[in-house]
Amino acid sequence: QVQLVESGGGLVQPGGSLRLSCAVSGVIFDINRMGWYRQAPAKQRELVADISAGEITNYSDAVKGRFTISRDRAKNAVYLQMENLKPEDTAVYYCTVDLWARGSGQYSDYWGQGTQVIVSS
């Protein structure tokens, strides 16, 4: 059974930093794309950043230059380093992974449970 477990959220002041982690467990044959989405209250879930199997990265305009996504193949993990945080970054952050699990026969998207980030003074 595949599980994604996020950590690293919390309360931070504007201008501060946080590092989100997402660890993937289970019997996995291959991991393709990994990414982070966020959902603020009363707003739709939006892409923050993603990283391909070839480590090509993509960022939303709102976070470009402040956030950095990375992945660790050996640990089946994806990270989001967030710098110069702003109040508008407040949201629940979700990791998502496109992977091939044992017995599935195909790549499928899996989601974590979310981790809350609050940027406030």
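These numbers were taken from a predicted model, which means no experiment stands behind them. (Residues numbered from 1 in each chain as written. Predicted model: local features only at pLDDT ≥ 70, side-chain atom pairs only at ≥ 80, totals over all residues. Heavy atoms only, no water.)

Caption draft 1: Representation of the overall build of the protein chain. Broken down by element type, the protein chain carries zero helices and 11 strands. Element order for the protein chain, N to C, with α for helix and β for strand: β-β-β-β-β-β-β-β-β-β-β. For the protein chain, the C-alpha radius of gyration of 14 Å lies close to 14 Å, the compact-globule estimate for 121 residues. Over its C-alpha atoms, taken along the principal directions, the protein chain stretches across nearly 45 × 25 × 25 Å. By residue count, 42% of the 121 residues in the protein chain fall in the buried class. Contacts spanning at least 24 positions in sequence make up 55% of the contacts within the protein chain whose residues lie at least 6 apart. Accessible surface, the protein chain as shown: approximately 6,400 Å² in total, 47% of it carbon and sulfur. (Helix = DSSP H or I, 4+ residues; strand = E, 2+ residues; numbered from the N terminus. Rg over C-alpha atoms; globule rule 2.2 N^0.38 Å. Buried < 20%, exposed > 50% of the residue type's maximum accessible area, 1.4 Å probe, protein only. Contact = heavy atoms within 4.5 Å. Areas by Shrake-Rupley, 256 points an atom, 1.4 Å probe, with all protein chains shown as cover.)

Caption draft 2: Layout of the state of the cysteines. Scanning the model with the defined rule gives one disulfide in all. C22 shares a disulfide with C95; S-S distance 2.0 Å. Of this pair, C22 sits in strand β3 (residues 18-25) while C95 sits in strand β9 (residues 91-101); the two residues are 73 residues apart in sequence, bridging distant segments of the chain. Take C95: its relative accessible area is 0%, and that puts it in the buried class. (Disulfide = S-S within 2.5 Å.)

Caption draft 3: Molecular detail of the sheet that holds β3. One open sheet holds the four strands; their spatial order is β1-β3-β8-β7, and the pairing between them is antiparallel. Single-partner strands in this sheet number two, and they are β1 (3-7) and β7 (67-72). Taken pair by pair, the neighbouring strands of this sheet meet at an average axis angle of 15°, ignoring direction. In the sheet, β7 pairs with strand β8 (residues 77-82) via six bridges, with the strands oriented antiparallel. Bridge pairing links D72 to A77 in β8. (Pairing = 2+ DSSP bridges. Axes fitted to C-alpha atoms, helices over the stretch in contact; angles between N-to-C directions.)

Caption draft 4: Main features of the pairing of β8. Of all the six residues making up β8, five are buried; the element is thus mostly covered by neighbouring parts of the structure. The antiparallel pairing of β7 with β8 creates a hairpin that spans four residues between the two strands, and N76 there sits at a positive phi of about 50°.

Caption draft 5: Main features of the pattern of salt bridges. What the rule picks out here adds up to five salt bridges. Taking the shortest distance from any N to any O, the salt bridge between D50 and R33 comes out at 2.9 Å. A residue pair is termed long-range when its members are at least 10 positions apart, and D50 in strand β5 (residues 46-51) and R33 in strand β4 (residues 28-39) qualify at 17 residues. With relative accessibility at 12%, the residue D50 sits in the buried group. Linking D89 and R38 is a salt bridge whose minimum nitrogen-to-oxygen distance equals 2.9 Å. With D89 in the loop between β8 and β9 and R38 in strand β4, the pair connects residues that are 51 residues apart, well separated along the chain. An identical accessibility class is assigned to D89 and R38; each is buried. (Salt bridge = Lys/Arg side-chain N within 4 Å of Asp/Glu carboxyl O.)

In short, shape yes, function no, at least from these values alone.
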